[in-house]
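Report on the structure
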Amino acid sequence: MSYSNGASFPEVALLVGTRKGAFVLSGNAARKKWELSEVYCRGGDVYHFVQDGRNGGTVYAAVNYMIWGAEIHISHDLGENWLTAETPPKFADREGETLNRIWHIKPGRASEPGVLYASADPASLFRSDDGGVNWAEIRSIADHPTREHWFPGMGGLCMHSIALDDQNPARMWVGISAAGVYGTGDGGESWKPLNKGVRADFIPDEEDLEFGQCPHKLLSHPATEGLLYQQNHCGTYRSDDGGLSWVDITDGLPSRFGLALALHPRDPRTLYVLPEDNAIEKGEVGGEFRIVSGNMFRVFRSRNGGADWEALTNGLPQRNAYLHSMREGMATDSLDPCGVYVGTTNGQIFYSRNEGDSWELLIDNLPPINSVEVAQF
């Protein structure tokens, strides 16, 4: 595969969305040397920047501009040239409602070429059938009977995660803050809340809520049908039955709170999380305190689906680490051993070339990082 000028694509690339634009970091399979691109989508708040692996060099960016609003930008040559969606996600028939931000872009399954999904704030889901050129809303989730009871988290009333069942094209899931996980088994005709066993500590005197939870990141694993993981405002959870029930796997982590979550590409029982502290000291004025737990940058890995956890610290700052990662801030590649990448709002990317056993600083001084994804060729 190559750019329009004939140059070959890198073997592996990091797609980095920041508050000031998007960047591509190009590397080879050894992952030792990286080359930084120019800034793309300059000045845009890029919430998500992702490759469509079905189409090689095609990448999509969810770009939110202060003046022009929310847009989807498309490049078919890894950022060398860009197009803008002709009909971006927008509300066609919702009087008085405006789409605030596009949060996430999810390429469809291999069995549905040209299909992509996007999610936004206020909580809404969109689909494109022509490679991202034109988008239309899937109204069934926005019209759900529980919608009037959904309430915004710190990031607004955002639908931030889309998870697909690769074996069943009629089944998918979304994560909404703060409404919970919702799933469909009929291609989006109908949806139901799937939050059994998930805590909502911020709602006083409420237990076993059907909805109202605050997932922060939701992922499915393509190797195991019905296997889901979520990093939640109130813990880390696993579902083995497509979201019908959730197992609390927080025990062994220093905090119930966190945003970032990543899965091993081949082993469905291996996952990575970055716990953070969220408590506000008594009398403190301002927002929540979201910093890695104990001011120590520790990525936690489980190799048995969350039954046990180990802190991965070799090469990561363990003192005065006032660092924070967003929900799209962690990713893995599919090389062997797999690489793990974590971006921070301080503009750093830490990475491991050996599944988390040891870490290095890949780059520093980028704008605050919203998302990190891997592209491979």
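Look a little higher up for the structure.
Attention here is on the structure that accompanies the text. Chains are numbered independently. Their residues run from 1 in the order of the written sequence. A pLDDT threshold of at least 70 governs which residues receive local features in this predicted model, and a stricter bar of 80 or more applies before side-chain atom pairs are shown or counted, although totals over entire chains, interfaces and linings include all residues. Excluding hydrogens and water, the side-chain figures rest on all heavy atoms present in the structure.

Examining the pattern of salt bridges
Stated formally: Any carboxyl oxygen of Asp or Glu that lies within 4 Å of a side-chain nitrogen of Lys or Arg is treated as forming a salt bridge with it. For the exposure calls, accessible area comes from a 1.4 Å probe over protein chains only, and a residue counts as buried if that area is under 20% of its type's maximum, exposed if over 50%, partly exposed in between.
Evaluation of the coordinates by the stated rule reveals 21 salt bridges. In this structure, the salt-bridge partner of Arg127 is Asp129, at a minimum N-O distance of 2.8 Å. Under the relative-accessibility criterion, Arg127 is labelled partly exposed at 29%. The structure contains a network of salt bridges with shared partners spanning Asp93, Arg139 and Asp143.

A look at the sheet that holds strand β28 (residues 360-363)
Sheets are built from strands that pair by backbone hydrogen bonding, the pairs being arranged parallel or antiparallel. To keep things clear, this is the line we draw: Two strands qualify as a pair provided that DSSP identifies no fewer than 2 bridges between them. Numbering of helices and strands runs from the N terminus, with a helix taken as a DSSP run of H or I at least four residues long and a strand as a DSSP run of E at least two residues long. The angle between two axes is taken between their N-to-C directions and runs from 0 to 180 degrees, where each axis is a line fitted to C-alpha atoms and a helix contributes only its stretch in contact.
If you trace the 4 strands from one edge of the open sheet to the other, you get β25-β26-β27-β28, paired in antiparallel fashion. Every other strand in the sheet has two partners, leaving β25 (330-332) and β28 as the edge strands with one partner each. Neighbour-to-neighbour, the strand axes of the sheet open up by a mean angle of 25 degrees, direction not taken into account. Bridge analysis of β25 against strand β26 (residues 340-343) gives 3 bridges, and the strand direction is antiparallel. When the sheet's bridge partners are listed, Ala331 is paired in β26 with Tyr341.

Section: the sheet that holds strand β18 (residues 235-239)
Pairing within the open sheet is antiparallel, and its 4 strands lie in the order β16-β17-β18-β19. Both outer strands of the open sheet, β16 (215-220) and β19 (247-248), are each paired with one neighbouring strand and no more. The sheet contact formed by β16 and strand β17 (residues 228-232) spans 5 bridges and is antiparallel. The residue bridging Leu218 from the neighbouring strand is Gln230, located in β17.

Some points on the pairing of strand β29 (residues 369-376)
Of all 8 residues that make up β29, 6 are buried, and the element is covered over most of its length. Sheet topology places strand β1 (residues 12-18) next to β29; 7 bridges connect them, and they run antiparallel. If you follow Val16 over to β29, its bridge partner there is Val372.

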